[in-house]
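Topology and contacts: notes
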Amino acid sequence: MARSKNPVKNIVILISGGGSNMQAIVQAARDQHWFEKYGAQVACVVSNRADAQGLASSAALGIAHHVVDHTSFETRAAFEIALAERLDAYQPALVVLAGFMRILTADFVARYAGRLVNIHPSLLPAFTGLNTHQRAIDAGCTVAGATVHMVTAELDLGLILARAEVPILPGDTKDALAARVLAQEHLIYAQAIAALLAQQLKMQHDATEMNPN
């Protein structure tokens, strides 16, 4: 399947902070040759915070980066319109939320339906929302973990794409647990994205076979 017959699949990553998952995804894309395999590339990183450390990391990686500061807009709708305009300039095949700390409206989610992916630091459907690690410890759980899922209008309840379990150790703190979960996030997020890209490529191939002209 020649790449030249299909448009490049641009991946846009949204961050709000350090961007460690973003860095892991970019590195996986390069190490695993996503462009050669799937015609896909990480095209840009967008943050809603100008002080996000991940912006410097994306610059160091040679990835285009932009800021759409949510505090510059009077309403959530106005912010999302500006954000969508920035994303749409790249015609994204996937929009990847990697520590993006803004709840998105149903209209925004619908705009990127089937292309919007998130990772959550719990074994969904358990512990949706925030403070997941301390909540898992307080509940007496023996395992925690992370979940990659499609984003829907219902918070953290979209189709599960991948999960990784991490044991909760005696005397664990939320920070120690979070660090171990994050290490697994770096692995499964890239794996799930690669699987989505492979699925998109197969669908394109099947469509070409059915309509060769």
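Notes on the structure in this doc start here. Throughout this description, residue numbers start from 1 for each chain and increase along the sequence as written. Totals for whole chains, interfaces and linings use every residue, but because this is a predicted model, local features are given only for residues with pLDDT of at least 70 and side-chain atom pairs only at 80 or more, for both listing and counting. Side-chain descriptors were evaluated using all non-hydrogen atoms of the structure, hydrogens and water having been removed beforehand.

A look at helix 3 (residues 53–60)
Just so we agree on the cut-off: Accessible area is worked out with a 1.4 Å probe on protein chains only. A residue is then buried under 20% of its type maximum, exposed over 50%, and partly exposed in between. Put simply, DSSP marks the helices as runs of H or I at least four residues long and the strands as runs of E at least two long, and each gets a number from the N terminus on. Starting at the helix axis, one direction is taken to each C-beta atom, and the arc is that of these directions. For this analysis, residues touch if any pair of their heavy atoms sits within 4.5 Å.
Regarding helix 3, the residues found buried are Gly54, Leu55, Ser57 and Ser58. Summarising the axial view, the buried residues of helix 3 lie within an arc of 160°, below the 170-degree limit, and thus occupy one face. Exposed and facing more than 90 degrees away from the buried side of helix 3 are Gln53, Ala56 and Ala60. Buried residues in helix 3 make contact with strand 1 (9–15), helix 1 (20–31), strand 2 (40–47) and strand 3 (64–67). Positive backbone phi, approximately 75°, marks glycine 62, located one or two places after helix 3.

Considerations on the nonpolar core
Note the cut-off: Only buried residues count toward a nonpolar core. Its members are Ala, Val, Leu, Ile, Met, Phe, Trp, Tyr and Cys residues joined through side-chain atoms within 4.5 Å.
Counting residues in each nonpolar core, the largest one holds 41 residues, and the members touching the most others are Ile11, Ile13, Trp34, Tyr189 and Ile193. Once residues within four sequence positions are removed from consideration, tryptophan 34 is found in contact with Ile11, Ile25, Ala28, Ala29, Gly39, Ala40, Ala190, Ile193, Ala194 and Leu197. Within the second largest apolar cluster, 21 residues are counted, among which are Val68, Leu83, Leu87 and Val109.

Structural notes on unusual backbone geometry
The amide bond that connects leucine 124 to the next residue, proline 125, takes the cis arrangement and shows omega of 15°. Examined against the element boundaries, proline 125 turns out to sit in the loop between strand 5 (116–120) and helix 6 (132–138). In this structure, asparagine 131 is a non-glycine residue whose phi angle is positive, near 55°. Along the chain, the position of asparagine 131 falls in the loop between strand 5 and helix 6. One non-glycine residue, aspartate 156, lies in positive phi territory at about 60°. Tracing the sequence through the fold places aspartate 156 in the loop between strand 6 (143–150) and strand 7 (160–167).

Some points on the sheet that holds strand 7
Rules: Paired strands are those between which DSSP finds at least two bridges. To obtain an axis, a line is fitted to C-alpha atoms, over the contacting stretch when the element is a helix, and the angle between two such axes runs from 0 to 180 degrees between their N-to-C directions.
If you walk across this open sheet you meet the 7 strands as 3-2-1-4-5-6-7, and the pairing is mixed. Of all strands in the sheet, those with a lone pairing partner are strand 3 and strand 7, marking the two edges. The mean angle between the axes of side-by-side strands here comes to 20°, regardless of whether they run parallel or antiparallel. Taken together, the 4 bridges between strand 5 and strand 6 define a ladder with antiparallel strand orientation. Bridge assignment links asparagine 118 to a residue of strand 6, and that residue is histidine 149.

Observations regarding helix 1
Definition in use: What a helix should span is 1.5 Å times the count of its residues minus one.
The terminal C-alpha atoms of helix 1, which comprises 12 residues, lie 16 Å apart, in line with the 16 Å expected from a rise of 1.5 Å per residue. Among the residues of helix 1, those classed as buried are Asn21, Met22, Ala24, Ile25, Val26, Ala28 and Ala29. Backbone geometry just after helix 1 places histidine 33 at a positive phi near 55°.

Observations regarding the environment of alanine 178
On the secondary structure map, alanine 178 appears in helix 7 (residues 174–210). Residue alanine 178 is classed as partly exposed on the basis of its relative accessible area of 24%. Alanine 178 sits 28 residues away from methionine 150 along the chain, and the two C-alpha atoms are 22 Å apart.

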